[in-house]
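Close look at the chain arrangement
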Amino acid sequence: MRKMLLTTALAMALASAAPSAGPSGLKAKVVAGVDARAKLAQVITDSVFSFSELGFHEDETSRYLTDLLEKNGFTVRRGVAGLPTGWVATWSHGSGGPVIALGSDIDGIPKASQKPGVPYHDPMVPGAPGHGEGHNSGQAVNIVAALAVKEQMEKANIPGTLMLWPGVAEELVAGKAFFVRDGVFKGVDAVIFTHVSDNLSVTWGQPAGTGLVSVEYRFTGESAHSAGAPWRGRSALDAVELMDVGWNFKREHLRPEQRSHYVITDGGDQPNVVPSTAAVWYYFREQSFDRIKQLYATGNDMAEGAAKMTGTTVTRRILGTAAPQHFNKPMAEAAYANIRLVGLPAWSADDQAFARQVQKNIGAPEVKGLDTRLDELKAPDKEPKSGGSDDIGDVSWTLPTITIRYPANIPGLPGHNWANGIAMATPIAHKGVVAGSKAVAMTVVDLLTNPRLLAAAKGYFTSVQNKDQKYVPMIGAGDKPALELNAATMARFKPALAKFYYDPDRYPTYLDQLGIKYPMLVDTPKP
Ligand SMILES: [Zn+2]
């Protein structure tokens, strides 16, 4: 008897120490539903990769995704929030029940065109945009999860609504604040956002990174013959250069956590004409609403000063904004429990060899292949590290939100670069998408079937997150999305890119269509 007790105790101790046994009940069913849709996950990932569209012009992408959702019973509303490529797809079962929204970005990066599966720089179309961020994969995660959950909601008669939506022009942080402003999330209980990564993870509180204001300053002066009568001109380009010089001196006296950078979008026409117009586009990034506003105000002062120095005038236009992010603790804890049940994908020797080849070729800090250990769920840093922004921040201050990051890319890449596109239509991305989709599907099951979780999520949002800081929208009722951005680039490259659109009816995978053997293990060719 005593021995039996001991054995039972030992068995229980072992069970709790051992890796999780895997999901059960409804969660096991949605996980099986995701596995059954692994082919669909690959087709969506590869298709969106092949469209290679920039922000505001995700036309093929949005058409493809919304058609797919309509074919699967979702009701689609297009052109939401003044964004031609913005849409919302909903499906409900029964009456009432929670409304759970799944979002992910869909846009690419300028000049990031890259053949997937080739471990060195080899663009599909030289100079063209590409998925050098990996935004081709998130909608595959969400759609596959939603379809697996939908199937079980029907079978088990679980009431609720699933809503899918895209992050439009995330690389310009220029879509989600408009979704929020125009009430797209009204009536929604919780948002699960998904983003490509090299591990399967989730966080709560304020993560590393910043929020930002993206603003273009446009100076106007007077043209004149640059040699014949330069004293009659007032150079708008001088104003841009003086503003930039002023800002670069100012940097020394700003917090190290700030991030600010600019590109000159109009530098005049030709040297013999004093530029009568010039423009410079700034991102001002900081870690709280107040600090972003301060930084932005400093930028405005500097623009006014530059205008005064040059006798020009200046106007400004906000092109995008992102609130600092804050993620929901109860939702993150529920998601992490599911992440532990999923674990990282079973990478093959080929996947690992390919990842190492890419890391070697691009000079990554470590040549260590793909992650095989799950990231932990940690309490947020008291002083979060600085870094990039994501306008999911605006959503995260509107309703309980988490971002689930899934392992569809290789660690150690530079980001916003052609190299980040290499893995994004290979087995690495396909496996990572399936793993992410399982974590999302199980967390949706939690939110649909556990009212206490949803109540805790709302409690955290209201009483903890909103205690010291409140959402400060950076756009007003009159602001419009800068839809003209990227238009010329897409018009220029779309015909060439269209020749490479993925045809899933003819080819099992996009690599097959391109005739690229996986894994391609070669060093960067010598020029
Ligand atoms: Zn992103």
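Heads up: the structure comes first, above all this text.
All of these numbers come straight from a predicted model, not from anything done at the bench.

Quick look at the sheet that holds strand β5 (residues 190-197)
- What the seven strands build is an open sheet, ordered β1-β2-β4-β3-β5-β11-β6; its pairing is mixed. For this open sheet the edge positions go to β1 (75-78) and β6 (201-202), each flanked by a neighbour on one side alone.
- The sheet contact formed by β1 and strand β2 (residues 87-93) spans four bridges and is antiparallel. The residue bridging Arg78 from the neighbouring strand is Trp87, located in β2.

Some remarks on the sheet that holds strand β10 (residues 313-322)
- The four strands lie next to each other as β8-β9-β7-β10, forming an open sheet whose pairing is antiparallel. Each edge of the open sheet is held by one strand with a lone partner, namely β8 (259-266) and β10. Strand after strand, the sheet turns through a mean of 20° between neighbouring axes, direction not considered.
- Relative to β10, strand β7 (residues 211-220) runs antiparallel, the two sharing nine bridges. Bridging across to β10, Arg218 finds its partner in Thr315.
- Running at roughly 20° to strand β9 (residues 277-286), helix α7 (residues 236-250) makes contact with β7, β8, β9 and β10 of the sheet.

Here's the deal with the packing of α7 against helix α8 (residues 289-310)
- Following both chains from N to C, one finds α7 and α8 inclined at 135°, their axes separated by 8 Å at the closest point. Of the possible angle classes, the one that applies to α7 and α8 is oblique. When you trace α7 past α8, the crossing you get is right-handed. Taken together, the residues of α8 that come into contact with α7 (itself represented by Asp238, Ala239, Leu242, Met243, Gly246, Trp247 and Lys250) are Thr298, Met302, Ala303, Gly305, Ala306, Ala307, Met309 and Thr310.

Cut-offs used in this document
- Residues numbered from 1 in each chain as written.
- Predicted model: local features only at pLDDT ≥ 70, side-chain atom pairs only at ≥ 80, totals over all residues.
- Pairing = 2+ DSSP bridges.
- Helix = DSSP H or I, 4+ residues; strand = E, 2+ residues; numbered from the N terminus.
- Axes fitted to C-alpha atoms, helices over the stretch in contact; angles between N-to-C directions.
- Contact = placed C-beta atoms within 7 Å.
- Parallel < 35°, antiparallel > 145°, perpendicular 65-115°, else oblique.
- Left-handed = near helix turned anticlockwise from the far one by under 90°.

Note that every value here comes from positions in space, so none of it alone points to a role or purpose.
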